[in-house]
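# Results of the structural survey
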Amino acid sequence: MGGGASSTGRAVLIAQMTDIHVGFAPDEKPEELNLTRFRATLQRLIEGPNRPDFLVLTGDITDHGDAASFAKTIEILHACPIPILPMVGNHDSREGLLGAFPGVEPAEGGFLHYVVEAGLGLRIICLDTLEEGRHGGAFCEARARWLAERLAEAPDTPTLIFMHHPPVVAGIDWMDPAPSEDWIIRLRDVLEGQSQVQAIHCGHLHRQITTSFAGIPLGVTPSVAPLVAMDLNPIDKDVPDARELITTEPPTYALHRWDGENLVSHYERVGDWQVLARFHAGLQPMIEGMFAERE
């Protein structure tokens, strides 16, 4: 964990990886698929042209919350030079995360949420939505009070909220919450009218989704682990219909860019493909012409 101004001097870049699920198949050879996907995604982030100022891991870092899986995660992250902001998902455990990331300090009630000053006037709030033993999200009175207090501390400061569970119905029937769940209503009550919140970014659904919640833009970043299939048809839990559930679509991460006034989110899939154009002299007139249009 850490904080500070932008490394570029022009914008703060916040990378987001979610739903890595280390330990889903620990006996796979030569290496668990989820670990292979995680290594490739982290390598792209570190070696690519966009060096982030922070890396937020928005939960389901592991598949069972066990110490062995967190240890494997930390071994891979050891080479990461970027400050890491870890969060729990429904597959994690608070005990396991604290053992792997001792820099995280539990809030009152033992919840693992915290605030980071990101630079260029931006606050990051990492919010704990775990209820152990439950697949879906949770946001109790204690958490509502904590979030309300944090927002009240800086009502005029641009704020970005990260949380594992999206508090919305996305249409993926077997993954969705009910819209009337208490935790969603309670969260909406806290966030309505909080104009300083620039966006909410989540994981959990293993697909890229854009919507809004309480009048705030909300995005879901696709998983590093295999993705949930794109099927918006209702599902009958009593009738297995052989529909696709999980696919090997490429792992994806998000890069959220804050320039002091605007927040923009980019998403990059990680895989092998050809570069069809580079900035050589032959393309310089095109680039110069595009810059000329700005004048």
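Up top is the structure.
Note that the structure is a prediction, hence the values are computed from the model and not measured. (Residues numbered from 1 in each chain as written. Predicted model: local features only at pLDDT ≥ 70, side-chain atom pairs only at ≥ 80, totals over all residues. Heavy atoms only, no water.)

The final tally for this structure, using the stated rule, is 14 salt bridges. Here Arg-186 and Glu-141 are joined by a salt bridge, their closest N and O atoms 3.4 Å apart. Taken together, the residues span a long stretch of sequence, with Arg-186 in helix 5 (residues 182–191) and Glu-141 in helix 4 (residues 141–153) at a distance of 45 residues. A salt bridge links Glu-149 to Arg-150, with the nearest nitrogen and oxygen atoms 3.8 Å apart. The class for Arg-150 is buried, based on a relative accessible area of 16%. (Salt bridge = Lys/Arg side-chain N within 4 Å of Asp/Glu carboxyl O. Helix = DSSP H or I, 4+ residues; strand = E, 2+ residues; numbered from the N terminus. Buried < 20%, exposed > 50% of the residue type's maximum accessible area, 1.4 Å probe, protein only.)

Here we come to the sheet that holds strand 7 (residues 197–202). To summarise the sheet geometry, strands pair through backbone hydrogen bonds and adopt either a parallel or an antiparallel arrangement. A sheet is described by the order of its strands in space; here six strands give the open sequence 4-5-6-7-9-8, paired in mixed fashion. The open sheet is flanked by strand 4 (114–119) and strand 8 (209–213), the only strands paired with a single partner. Taking the axes of each pair of neighbouring strands and ignoring which way they run, one obtains an average angle of 25° across the sheet. Packed onto the sheet, helix 5 meets strand 5 (122–127), strand 6 (159–163), strand 7, strand 8 and strand 9 (216–220) and runs at close to 65° relative to strand 8. (Pairing = 2+ DSSP bridges. Axes fitted to C-alpha atoms, helices over the stretch in contact; angles between N-to-C directions. Contact = heavy atoms within 4.5 Å.)

Glancing now at the nonpolar core. The biggest cluster of nonpolar side chains holds 46 residues, and the ones touching the most others in it are Ile-14, Met-17, Leu-55, Leu-57, Leu-77, Phe-101 and Ile-124. Beyond its immediate sequence surroundings of up to four residues, Phe-101 is in contact with Leu-57, Ile-61, Phe-70, Ile-74, Leu-77, Ile-84 and Pro-86. In terms of nonpolar packing, the next biggest core, distinct from the first, is built from 28 residues, Ala-144, Leu-151, Ile-184 and Leu-218 among them. (Core = buried A, V, L, I, M, F, W, Y, C linked by side-chain atoms within 4.5 Å.)

Turning our attention to the side chain of Arg-123. The residue Arg-123 is located in strand 5 in this model. Within the structure, Arg-123 has its side chain in polar contact with the side chain of Glu-117 (distance 3.4 Å). Beyond its immediate sequence surroundings of up to four residues, Arg-123 is in contact with Val-115, Val-116, Glu-117, Arg-150, Glu-153, Ala-154, Thr-157, Pro-158, Thr-159 and Leu-160. (Polar contact = N/O pair within 3.5 Å; in protein donor to acceptor, adjacent residues only side chain to side chain.)

In this section: unusual backbone geometry. Excluding glycine, a negative phi dihedral is what most residues carry, and trans is how most peptide bonds are arranged. Of note, the bond from Lys-29 into Pro-30 is cis; its omega dihedral lies within 30 degrees of zero at 0°. Within the secondary structure, Pro-30 is located in the loop between strand 1 (12–17) and helix 1 (33–47). For His-21, which is not glycine, the phi dihedral falls at a positive 60°. Along the polypeptide, His-21 turns up in the loop between strand 1 and helix 1. Looking at His-21, the relative accessible area reads 7%, which means it is buried. Here Asp-60, not a glycine, exhibits a phi torsion of approximately 50°, which is positive. Along the polypeptide, Asp-60 turns up in the loop between strand 2 (54–58) and helix 2 (67–77).

This part covers the packing of helix 1 against helix 2. Packing of helix 1 against helix 2 brings their axes to within 11 Å, and their N-to-C directions diverge by 25°. Relative to helix 2, helix 1 is oriented roughly parallel. Both helix 1 and helix 2 take part in a crossing whose hand is right-handed. The residues of helix 2 that touch helix 1, namely those facing Leu-35, Phe-38, Arg-39 and Leu-42, are Lys-72, Thr-73, Ile-76 and Leu-77. (Parallel < 35°, antiparallel > 145°, perpendicular 65-115°, else oblique. Left-handed = near helix turned anticlockwise from the far one by under 90°.)

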